[in-house]
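Structure assessment
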Protein chains: 4
Amino acid sequence: MSGNTLGTLFTVTNFGESHGPAIGCVIDGCPPGLALSEADIQADLDRRRPGTSRHVTQRAEPDQVEILSGVYEGRTTGTPIALLIRNTDQRSKDYSAIADSFRPGHADYACWHKYGLRDPRGGGRSSARLTAPTVAAGAVARQWLAERHGTVVRGCMTQVGEVAIPFESWEHVPHNPFFAPVADVSALEDYMDALRKAGDSCGARLRVVASHVPVGLGEPLYDKLDADIAHVMMGLNAVKAVEIGAGFASVAQRGTVHGDALTPQGFASNNAGGIVGGISTGQDIEVSIGIKPTSSIISPRQSIDTAGRPVEVVTKGRHDPCVGIRATPIAEALLALVLIDHALRHRAQCGDVVAAVPPIAASAG
Amino acid sequence: MSGNTLGTLFTVTNFGESHGPAIGCVIDGCPPGLALSEADIQADLDRRRPGTSRHVTQRAEPDQVEILSGVYEGRTTGTPIALLIRNTDQRSKDYSAIADSFRPGHADYACWHKYGLRDPRGGGRSSARLTAPTVAAGAVARQWLAERHGTVVRGCMTQVGEVAIPFESWEHVPHNPFFAPVADVSALEDYMDALRKAGDSCGARLRVVASHVPVGLGEPLYDKLDADIAHVMMGLNAVKAVEIGAGFASVAQRGTVHGDALTPQGFASNNAGGIVGGISTGQDIEVSIGIKPTSSIISPRQSIDTAGRPVEVVTKGRHDPCVGIRATPIAEALLALVLIDHALRHRAQCGDVVAAVPPIAASAG
Amino acid sequence: MSGNTLGTLFTVTNFGESHGPAIGCVIDGCPPGLALSEADIQADLDRRRPGTSRHVTQRAEPDQVEILSGVYEGRTTGTPIALLIRNTDQRSKDYSAIADSFRPGHADYACWHKYGLRDPRGGGRSSARLTAPTVAAGAVARQWLAERHGTVVRGCMTQVGEVAIPFESWEHVPHNPFFAPVADVSALEDYMDALRKAGDSCGARLRVVASHVPVGLGEPLYDKLDADIAHVMMGLNAVKAVEIGAGFASVAQRGTVHGDALTPQGFASNNAGGIVGGISTGQDIEVSIGIKPTSSIISPRQSIDTAGRPVEVVTKGRHDPCVGIRATPIAEALLALVLIDHALRHRAQCGDVVAAVPPIAASAG
Amino acid sequence: MSGNTLGTLFTVTNFGESHGPAIGCVIDGCPPGLALSEADIQADLDRRRPGTSRHVTQRAEPDQVEILSGVYEGRTTGTPIALLIRNTDQRSKDYSAIADSFRPGHADYACWHKYGLRDPRGGGRSSARLTAPTVAAGAVARQWLAERHGTVVRGCMTQVGEVAIPFESWEHVPHNPFFAPVADVSALEDYMDALRKAGDSCGARLRVVASHVPVGLGEPLYDKLDADIAHVMMGLNAVKAVEIGAGFASVAQRGTVHGDALTPQGFASNNAGGIVGGISTGQDIEVSIGIKPTSSIISPRQSIDTAGRPVEVVTKGRHDPCVGIRATPIAEALLALVLIDHALRHRAQCGDVVAAVPPIAASAG
């Protein structure tokens, strides 16, 4: 257990390196009887796949998923679901050059000190490619959440570099390569084109929302729902910040403003982001994350080699100039994985609880 | 396992309610041979104790800790360390009135739906009082980290409500009730006095820093060091946002700026906040958290009762107008708990790794 | 997490030393709404209490339990249930003599090498006294199992030393100090009296049975129900052997005999001991355990001291001549703890499963 | 987490069904830098492979292992090691007939009630075939234990049906299909031939021994080394009984006989089986297990179908008449997996402990 398993009851064990033979995961704890096919999973994988626009890495990975176990006659059996994705675009080359120096902002240096060695092929285990199995597992989670609770998990980009992106509609998100909730993304395209020409990279901010989440999910004291959401989000490659609901803005709010009033018609506001005291309230769960600029850039950087001598490092290869662009489906998957895990945990302990009255509406509006 | 245990190898199991007979925790996995006394723990508990200034709740809880097990002749034995804190200021009163309505911004509503009942005494399990055992456990973690690795964990307040607090020096922190790193806190006192008179509450932003952290801590993919830090910080009562290093500011940074250059003399900057790829680099670990305003305020709020009827709620009692004020020692404790847990996890797997060259300095300066 | 927590969802974290200030445990994950009082728990504790007959240790420990948390107005709230038992009979004496030598058959030697030190007071953490919190937690488990599923867990002694004890009736068990299912225990009393006079000790064999266990409990591949039962039983102090159902006798059985036939009226036999493929079948769960003779005997034994020099060791103090005598309520508690944990685990994953037809009867008879 | 992960720090997550596309496992937590190749693992897999003698199932599964990740340039990297074994001998046939009735002694009935469905292909998840990934993972564990501690894990058969097998020498074990420690196995062959002709099956008893185990492994209270050994052994398909050291024989032993005396030259006996108080003593760890007769026999059995009606069941197909025959390498693998897990757990907590004097010899002889 070196940190490659996510979850308590619905667990995802991730394996593989970017340029090894295959990547994948094993899901344990999925409820039996859920309709599931490779096509269901492939749809989400295709959303994060590289090479789909000029703004992302041009690596051509089909990311074709194979279900190895746990599904029989189109339904989950309750046994482990192993998902396999063969790597196909591992360009054969000599890694010995870059294997001897550390890229600034990369895990190279820390990995080498931790393990006494490192797998330099394409970033090895630190590659964002390892989010593919997470997305695949998330697709299973989403399917169950939708069927069992009607839960919908959606995400979009709200900022790229310095450019804030207003929220127009969820409708626009699938129709542009940025997952931006706007009809016209020409400004974003110009921004990214200029950045790419400059040989530089930028960060991004994303918003992820889960609707129709049952009230009562979350396990205080330490495994609060927001704590577990923060865990997975901060664990997403390149994420440096996480907010729930009003987030940092709540620092300057007054108590008379921040606390969401309850009415017989529903909640009057959602500063809490759907979670109070670490437990879901039934409102939309609102998460915002900040992603740093890609470290793999072609501009030369000052660094050292494994002997401690100063070197200049240039990262060649096909890298995303903004890793945030492809991160939306990953963040959605992570939120879905936390929700299914907590839905099962809640059912385990409180499966017999009968509330005296039904929950109020998510919104009074 | 309903979320009341923190950690993987150095575990803290927390118990108790705000107004029950006692609160406390059981620490399992502490290395044997560590010098430990009740006085060592009491020092940290006293830093978060209520009633120490007019800006915090006036409840008088001595929070006297008793070591029930795991220590023999002044040293830890490697067996569980049980810590007990008796509650002394449980004002006897009738809770039936507030037991029937839900306070906006409180866990009341969600708890009641989750468990089918709730313990209304002083907020029960949702009370910030339950952070006391966490602080006590953190004191044990800090002692080991300091002895074994020279690690120092420090925190301070950087904003209260709308008022930003500049960083002057760590020296000032112990000398004012706000844990503010400034010599003159009169502006903060005036701000809090006005707020209290208005019957309102405000949020706060804190910074927590760990220095002399060994390189190599963190377990990618999912249990990255920053992921686990985000988990504990977001799990702290009232926290709505967490940043590591440059945090949300990294969204607008360019890759050429964000990536911290390595030099033979040390790292040239620390945008990473001491963690890259989920693994510590040896630099200072920099965390920032945003805390919402206290929900328990004397101003009347709109809400509903357990029958779903509209009611007006006023929270009486002795509450902190800004829970962020006493949160600094708690955040420090949480960071220390994550670090000791990862130090032990790292040792388990990589205890035989010998690095070819020593780590570089945390800072080139 | 140094092994002091039992269970996955219904967890028991045990703390304390035999001669420290207190022992106890924290139960996390208990379903809310269960009726629970200290008297409910005390009843089971009293069954394993020392000093109740001349055949067990004459230490006078009242083992009075105090519920510190998790219960409000006579019902569990779903939050951690902390149980505290103060030690009262810690005879104050100088342990330095025995602290320097190792008792054969004791954990002294292994503990000293493991932790680099040991707590010699009354056997410290290795004392059978630490089973008291397990029994207390088991009482909570039994209460829930009885209320929710009608499950009954019972145990009895089937052999003491060379003396086999026939099964007459469960009725007799509470009426003799051996938990023997026979009306006349005079032979057992004579045997034990002779043994005590000889300054020696003997082993025992116990049987534990759970009836009215729902079909479907157990998590193959690795957390099979029988695997988890074997885990807790072998972990009981002094246990050296565990059998489920026909146990070792099944080695010489033929397949045509061993497999329990299913009929519309119920199972025709129970060689499986209620578990097949690691999953409960609805039949009685049948467990048998073998307990070694007490190591603390007044006869002198050959050993070494901490400097590696040969010494002769005599264990004074008040010890059980047959630890198996008081082990029945402990084994029952352990079985109950495994069952509640698996009932909750099963509900988490399979809570929506509806069987097409009802289970058959446990027995065709 | 539905029980398909074994271990706490060195974890094995098992997946696959007998007649699905593939089986395998993911190992997480393996120390980095260990020399490892597919050939190292294949050697152990070949020992448990079917079809190697007339006394075992004639299924032809090559059980060829592929390392998908975690190894780079012949050494483990510290990241997850995924092992894949493609199924090749899945005879295509109609399972609908047997899918409607339950085989006595099989997991069919319990699985169907647990999951609401079952995968009838070749026994699905309940098949002994799923022990192959466990054996593969055990090979990795053995390699590390041998290199780091010089630990050797060996097993042999000590009884088949009614026939006890004397221990002559470990030398004989690899030279006969029974893993019997005798030179002449003609009596065993005759016994098995007669059994096969009778269309029946029988059980077996195995002994597994680990030598050169460091003193100090095991985590009392609940995760004692013997408890965890009992857990994995009872979890092995068809096992109904587990003994450590003297096992059930210790019931009739006196304390003066059972406790193993310590001398400066080493331990004088090993009734403890190398574990006292749940912690290894440095002596050989001695385990004995009892395995029930195979349930899949061609003799007709009385049973019911999924509608609850009486039916007669005959199991066709290629089954082992004594599953115990191929179980020796599996039991060895399981013991190795427990030992490496505890070696890492011990190092995590007690990595700084320095014993004052070296351990004594395993045996005084």
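Shown above is the structure to which this text applies.
Residues numbered from 1 in each chain as written. Chains lettered and ligands numbered in written order. Predicted model: local features only at pLDDT ≥ 70, side-chain atom pairs only at ≥ 80, totals over all residues. Heavy atoms only, no water.

1. Brief notes about the overall build of chain A
- A tally of helices and strands in chain A yields eight helices and 18 strands.
- By the compact-globule yardstick of 21 Å for 365 residues, chain A fits well, its C-alpha radius of gyration being 21 Å.
- Projecting the C-alpha coordinates of chain A onto the three principal axes gives extents of approximately 65 × 50 × 40 Å.
- Relative to its 365 residues, chain A shows a buried fraction of 68%.
- Long-range contacts, defined here as pairs at least 24 residues apart, represent 71% of the contacts in chain A between residues at least 6 apart.
- Counting every atom, chain A has about 11,100 Å² of accessible surface; 52% of that belongs to carbon and sulfur.
- Counting 33 positive and 38 negative side-chain charges, chain A places the centres of these two groups 5 Å from one another. (Helix = DSSP H or I, 4+ residues; strand = E, 2+ residues; numbered from the N terminus. Rg over C-alpha atoms; globule rule 2.2 N^0.38 Å. Buried < 20%, exposed > 50% of the residue type's maximum accessible area, 1.4 Å probe, protein only. Contact = heavy atoms within 4.5 Å. Areas by Shrake-Rupley, 256 points an atom, 1.4 Å probe, with all protein chains shown as cover. Lys, Arg positive; Asp, Glu negative; His and termini not counted. Charge placed at Lys NZ, Arg CZ, Asp CG, Glu CD.)

2. A few points about the packing of aromatic side chains
- Throughout the structure, instances matching the rule amount to 18 aromatic pairs over all chains.
- Ring plane angle 85° and centroid distance 5.6 Å describe the contact between C:Tyr109 and D:Phe267, whose orientation is recorded as edge-to-face. On the criterion of chain membership, the pair formed by C:Tyr109 in helix α3 (residues 108-115) and D:Phe267 in strand β13 (residues 266-267) is interchain, its members lying in two chains. Take C:Tyr109 and D:Phe267: they sit in the same class, and that class is buried.
- An angle of 85° between the planes, with centres 6.2 Å apart, marks the rings of C:Phe248 and D:Phe248 as edge-to-face. In this pair, C:Phe248 sits in the loop between β11 (239-244) and α7 (255-258) while D:Phe248 sits in the loop between β11 (239-244) and α6 (255-258), so the two residues belong to two different chains. Per residue, the accessibility class of C:Phe248 equals that of D:Phe248, and both read buried. (Phe/Tyr/Trp six-rings, centres within 6.5 Å; stacked < 30°, edge-to-face > 60°.)

3. Some details on the pairing of strand β10 (residues 204-211) of chain C
Residues and elements named next belong to chain C.
- With respect to burial, β10 is a largely interior element, six of its eight residues being buried.
- Here eight bridges tie strand β8 (residues 152-160) to β10, and the two strands are oriented antiparallel to one another. Looking at β10, one finds that Cys 156 is bridged to Arg 207. (Pairing = 2+ DSSP bridges.)

4. Concerning the environment of B:Arg205
Residues and elements named next belong to chain B.
- One can find Arg 205 in strand β10 (residues 204-211).
- In sequence terms Arg 205 and Leu 225 are 20 residues apart; their C-alpha atoms lie 21 Å from each other.
- Of the polar contacts made by the side chain of Arg 205, one reaches the side chain of Ser 288; its length is 2.8 Å. (Polar contact = N/O pair within 3.5 Å; in protein donor to acceptor, adjacent residues only side chain to side chain.)

5. Side note on the relation of the copies chain D and chain C
- Note on the identical chains: chain D maps onto chain C by a rotation of 180° and an axial translation of 0.0 Å, with an RMSD of 0.0 Å. Such a turn and shift between the copies fits a two-fold axis. Nearest to the rotation axis, the C-alpha of D:His231 is located 2.3 Å from it, this being the minimum over chain D.
- Comparing contact sets, 100% of the residues at the interface of chain D also lie at the interface in chain C, consistent with an isologous, same-surface contact. (Least-squares fit on C-alpha atoms with pLDDT ≥ 70 in both.)

6. Observations concerning the relation of the copies chain A and chain B
- When chain A is brought onto chain B, the operation consists of a screw motion whose angular component is 180° and whose axial shift is 0.0 Å, with 0.0 Å RMSD remaining.
- An overlap of 100% is found between the interface residues of chain A and their copies at the interface of chain B, pointing to a shared contact surface.

7. Some remarks on the pairing of strand β8 (residues 152-160) of chain D
All names here are of chain D.
- Of all the nine residues making up β8, seven are buried; the element is thus mostly covered by neighbouring parts of the structure.
- Bridging between β8 and strand β9 (residues 163-164) involves two bridges; their strand directions are antiparallel. Note that in β9 the partner of Gln 159 across the bridge is Ala 164.
- Remark: two residues form the turn of the hairpin made by β8 and β9, two consecutive strands paired antiparallel; Gly 161 in that turn has positive phi of roughly 55°.

8. Remarks on the sheet that holds strand β4 (residues 65-67) of chain B
Residues and elements named next belong to chain B.
- The strand order across the open sheet built from five strands is β1-β2-β3-β7-β4, with neighbouring strands paired in antiparallel fashion. Sheet topology places β1 (5-6) and β4 at the edges, where each strand pairs with a single neighbour.
- Here six bridges tie strand β2 (residues 11-16) to strand β3 (residues 22-28), and the two strands are oriented antiparallel to one another. Along β3, the bridge assignment pairs Thr 11 with Asp 28.
- Where helix α1 (residues 38-48) meets the sheet, it contacts β4 and β7 (81-86), and its direction lies at approximately 150° from that of β4. (Axes fitted to C-alpha atoms, helices over the stretch in contact; angles between N-to-C directions.)

9. Thoughts on helix α1 (residues 38-48) of chain A
All names here are of chain A.
- Along α1, the residues that are buried comprise Ile 41, Gln 42, Asp 44, Leu 45 and Arg 48. Burial along α1 is one-sided: seen end-on, the buried residues are contained in an arc of 165°.
- Contacts made by the buried residues of α1 are with β4 (65-67), β7 (81-86), α4 (131-149) and α8 (328-350). (Arc of directions from axis to C-beta.)

10. Let's talk about the interface of chain D and chain C
- Facing the 115 residues of chain D at the interface are 115 residues of chain C.
- Here chain D and chain C share an interface that buries about 8,900 Å² over both sides, 62% of which is from carbon and sulfur atoms.
- One salt bridge in this structure joins C:Arg254 and D:Glu162, with 3.1 Å as the shortest N-O distance.
- Our enumeration of links across chain D and chain C arrives at 54 residue pairs in polar contact (both at pLDDT 80 or more).
- In terms of residues, the side of chain D that touches chain C owes the most to one element, helix α2 (residues 108-115) of chain D, which gives seven residues.
- Along the lines of polarity and charge, the residues of the side of chain D that touches chain C split into 55 nonpolar, 42 polar and 18 charged.
- In the sheet, β11(C) pairs with β11(D) via three bridges, with the strands oriented antiparallel. If you follow C:Glu243 over to β11(D), its bridge partner there is D:Ala241. (Buried area = accessible area lost by both parts, 1.4 Å probe. Salt bridge = Lys/Arg side-chain N within 4 Å of Asp/Glu carboxyl O. Nonpolar A, V, L, I, M, F, W, Y, C, P; charged D, E, K, R; others polar.)

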